[in-house]
Amino acid sequence: MSERAAPFYCPYCGDEDLRPSAEGGHGAWECASCRRAFQLKFLGLLSPTNGGKGNDQHG
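Residues numbered from 1 in each chain as written. Predicted model: local features only at pLDDT ≥ 70, side-chain atom pairs only at ≥ 80, totals over all residues. Heavy atoms only, no water.

> An account of the environment of Ala5 is requested, with residue identities and associated values reported.
By the secondary structure assignment, Ala5 is in the segment before β1 (18-20). The exposed category is assigned to Ala5, whose relative accessible area is 73%. Sequence separation between Ala5 and Gly27 is 22 residues, and the spatial gap between their C-alpha atoms is 9.8 Å. (Helix = DSSP H or I, 4+ residues; strand = E, 2+ residues; numbered from the N terminus. Buried < 20%, exposed > 50% of the residue type's maximum accessible area, 1.4 Å probe, protein only.)

What follows is the structure in structure tokens.
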């Protein structure tokens, strides 16, 4: 299995000082600059045949 891609910038302040979060679980990151924690999740692929809606299984 390949490594997951890491975010390059904090989505809140734009800083690059990001670290994986030990408390947040899979896909969780912490920004040392603004001290926010966030989580990334892949929802699915968009298709032009389904009106641009994702393939999310959760509805």
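There's more to say after this.
> An account of the nonpolar core is needed here, citing residue identities and associated values.
With five residues, the main nonpolar core is built from Cys10, Leu18, Trp29, Cys31 and Phe38. For Phe38, the residues in contact, after removing those within four places along its chain, are Pro7, Cys10, Pro11, Tyr12, Leu18, Gly27, Ala28 and Trp29. (Core = buried A, V, L, I, M, F, W, Y, C linked by side-chain atoms within 4.5 Å. Contact = heavy atoms within 4.5 Å.)

> Quick rundown of the sheet that holds β1? Include the residues and the values.
In space, the three strands of this open sheet follow the order β1-β2-β3, with antiparallel pairing throughout. Two strands lie at the open edges of the sheet, namely β1 and β3 (37-39), each paired on one side alone. Neighbour-to-neighbour, the strand axes of the sheet open up by a mean angle of 30°, direction not taken into account. The sheet contact formed by β1 and strand β2 (residues 28-31) spans three bridges and is antiparallel. Residue pairing in the sheet places Leu18 in a bridge with Cys31 of β2. (Pairing = 2+ DSSP bridges. Axes fitted to C-alpha atoms, helices over the stretch in contact; angles between N-to-C directions.)

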